[in-house]
Amino acid sequence: MKIAVCIKRVPVMEVKFAIAKDGASVDETGLKYDVNDFDLWAVEAALQLNEKNAPGEVTVISLGPDAASEQIRKALSMGADKGVLLKADKVPGDAFAVAEALAAELKAGAYDVILFGKKSIDFDNSATGAMVGELLGLPVVTGVSKLEIAGGKGTAHRAVEGGVEVLEFPLPAIVTVDEGLNKERLPSLKGIMAAKKKPLETKPAQLGGAGVTVSKMELPPERAAGRIVGEGAAAVPELVRLLQSEAKVL
Amino acid sequence: MANVFAYAESRGGEVRKAGLEAVTAARQLADQTGGGEVHALLAGAPGVAAQAARLAEVGADVVYVVEHAGLAQYDAESLAATAAERIRAGGYRAAVFSATTQGKDLSPRVAAKLRAALAPDAVAIGVEGDAIVVRHPMYTGKVVGTLSIAASPALLSVRLGAVAPAPNAKAGRVETIQPAADPGASKVRVVELREGSKGKIDLGEAPVIVAGGRGLKAADNFKLVDELADAFGNAATGATRAVTDEGWRPHSEQIGQTGRVVSPELYVAVGISGAIQHLAGMRTSKTIVAINKDKEAPIFKIADYGIVGDVFDVVPALTQAVRAAKAAH
Ligand SMILES: Cc1cc2nc3c(=O)[nH]c(=O)nc-3n(C[C@H](O)[C@H](O)[C@H](O)COP(=O)(O)OP(=O)(O)OC[C@H]3O[C@@H](n4cnc5c(N)ncnc54)[C@H](O)[C@@H]3O)c2cc1C
Ligand SMILES: Nc1ncnc2c1ncn2[C@@H]1O[C@H](COP(=O)(O)O)[C@@H](O)[C@H]1O
């Protein structure tokens, strides 16, 4: 099977962010980057599908600055076969702009399955995969926590409000990956060496105009420090009193 | 003066809280852009039209109703086609969806069909000059972005709890329409719906969430969480990743960076340390209570009220006290 995986370079979140001078982006000073969590599971899913349905080829695609080639290399070192960097110095906050550029690249690839993460943890649009599906006229299943492909058709599970849907769909198709589908493998030393020789093509991203602009970014207000009501079960009556009279939630 | 569209989510023939909130949000936008009409789209199996009155109560001037046996369950392809066609025909300034699992699946499809801009997961909505603006949490909730859309239609999805439905009765004139695509012809087919426990409140909709962490020590002990949730009566249960990794609870209950993002009136964290990836999913809760035996646990930094103590001692006492308080009402 030919599988494509769209992966995004995102900051490692265990930091206190600062807002950049433009007031509408985060200050990148000192940030570390990694592959978006959900996209790592998408890469893992692609590798597992191809291990089951060999032979196959996994292409990873990222739209981002030159530095995003590090994240593509990580996916290659996990076992993906080749990478494409759609170069854009600034990644637009508008999911549709990104979706159009990704769709332009994916269109000619004749992929059987195209995998996305359910959401990017930086912009949190939860939109790109479904938009690409519409642009390419492909069936889309979002937020998949179980995935099987056999005989030219797919079966997936997705959690919805009130239960779990079991879905069937024809290929080619787009699937966006939720947590719980798998645990990503760590790149082996051998994988890291091999990745250096794998093809990574760079081309400019075909970005159109953006309909959504990020006009401002701010840090959310800090929560006021709370208080310890007391210790052990003895503190319960006071807690209940506070929930009733102060917080008014009981 | 501009009209605004709202997709009114329903399930099992009933409008969800999400649907009422989408109409409420649309009402607010219509009023802020000069008092236009709100047109809601309500889809489901035959009989769903009876729910139109509930949408009128919170501000729908017109309710477009699509009834089809194939829409007893959410059918993305058919509904996206129908919503896109209606929005195109209506010439709306904005179209409001819910930032629920369903809404997050539907809204980007509709946006792409219309080549329209989508501002997702809004916690606040408004109008600035000629632009529709929303506040959207980003970077796992550590940054809040202001997104702005100048062109029409501006699509947005609104997080549950961002607006409160209030009585604002309008005519709610019902117009029956046909689905723009036959649900039976959808490429993706739901072959089975495994329903969760009946009668359980959705995490997203629950005013109260009782969430358990590794401090509960074993799957069986989650009965403490269930019992406390029961005592509140209007509570859903949640969990940390440590717990879903252990398989003590399903992933669908996980709250946090890679789980659900929730914003209830009251969040009770039981035996949860408060790792930042967990906080990412619940920090916007209105009131947070934490029960943890370690007084240094980071959860106490964001909790409004904390009890330092053993969950096996505190939670049963709290369950009893909540039951008593509810009974006294
Ligand atoms: C990329 C990434 C994504 C992640 N996404 C998520 C996510 O979406 N959601 C999430 O929750 N986590 C997520 N995590 C995991 C997160 O970092 C923490 O590991 C997790 O939240 C810890 O869960 P916990 O609080 O249940 O367990 P612990 O951190 O082990 O805390 C258990 C707490 O229970 C207390 N305790 C123990 N016994 C008792 C007792 N008898 N009475 C009272 N208190 C007791 C302890 O003092 C401790 O504070 C993610 C991690 C990574 C790296
Ligand atoms: N710049 C990008 N490059 C490659 N893939 C992306 C990019 N942005 C988003 N995606 C993909 O789209 C998914 C959803 O992102 P989002 O719609 O931003 O939440 C991500 O998990 C990725 O799979």
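> With reference to specific residues and values, describe the site of ligand 2.
Residues and elements named next belong to chain A. Surveying the vicinity of ligand 2 reveals 19 residues, the closest of which are Cys-6, Asp-39, Ser-120, Ser-126 and Thr-128. Between ligand 2 and Leu-63 there is a distance of 2.8 Å, counted from a nitrogen atom to a backbone nitrogen or oxygen. For ligand 2, whose unbound accessible area comes to 480 Å², protein coverage reaches 99%. Broken down by secondary-structure element, the contributors of at least two residues to the shell around ligand 2 are strand S4 (57-64), helix H3 (95-106) and strand S6 (113-117). Ranked by residues supplied to the shell around ligand 2, first place goes to S4 with three residues. When grouped by side-chain class, the residues that make up the shell around ligand 2 number nine nonpolar, seven polar and three charged.

> Could you give me a rundown of the nonpolar core, with the residues and numbers involved?
Counting residues in hydrophobic clusters, the biggest one holds 103 residues, and the most contacted among them are Val-5, Leu-102, Leu-106, Leu-115 and Leu-147 of chain A together with Val-110 of chain B. Element by element, the count of residues in this core is highest for helix H1 (residues 37-52) of chain A, at nine residues. If near-sequence neighbours (up to four positions away) are discounted, Leu-106 of chain A is found in contact with Ala-4, Cys-6, Ile-61, Tyr-111, Ile-114, Phe-116, Val-132 and Leu-136 of chain A. Residues Leu-250 of chain A together with Phe-222, Ala-229 and Val-243 of chain B belong to the second largest nonpolar core, which totals 37 residues.

> Describe the site of ligand 1, with residues and values.
Around ligand 1 lies a shell of 27 residues, among which Arg-214, Lys-217, Thr-240, Ser-273 and Gln-277 of chain B are the nearest. In this structure ligand 1 sits where residues from chains A and B come together. Backbone polar atom of Ile-255 of chain B to a nitrogen atom of ligand 1: 2.8 Å apart, as the coordinates give it. At a separation of 3.1 Å, a nitrogen atom of ligand 1 approaches a polar backbone atom of Lys-293 of chain B. Contact with the protein chains removes 79% of the 980 Å² of surface that ligand 1 exposes when unbound. Listing elements by their share of the shell around ligand 1, those giving two or more residues are helix H6 (241-246), helix H7 (276-279) and helix H9 (311-328) of chain B. In the shell around ligand 1, the residues fall into six nonpolar, 14 polar and seven charged.

What counts, and at which threshold
- Residues numbered from 1 in each chain as written.
- Chains lettered and ligands numbered in written order.
- Predicted model: local features only at pLDDT ≥ 70, side-chain atom pairs only at ≥ 80, totals over all residues.
- Heavy atoms only, no water.
- Near = heavy atom within 4 Å.
- Polar contact = N/O pair within 3.5 Å; in protein donor to acceptor, adjacent residues only side chain to side chain.
- Areas by Shrake-Rupley, 256 points an atom, 1.4 Å probe, with all protein chains shown as cover.
- Helix = DSSP H or I, 4+ residues; strand = E, 2+ residues; numbered from the N terminus.
- Nonpolar A, V, L, I, M, F, W, Y, C, P; charged D, E, K, R; others polar.
- Core = buried A, V, L, I, M, F, W, Y, C linked by side-chain atoms within 4.5 Å.
- Buried < 20%, exposed > 50% of the residue type's maximum accessible area, 1.4 Å probe, protein only.
- Contact = heavy atoms within 4.5 Å.

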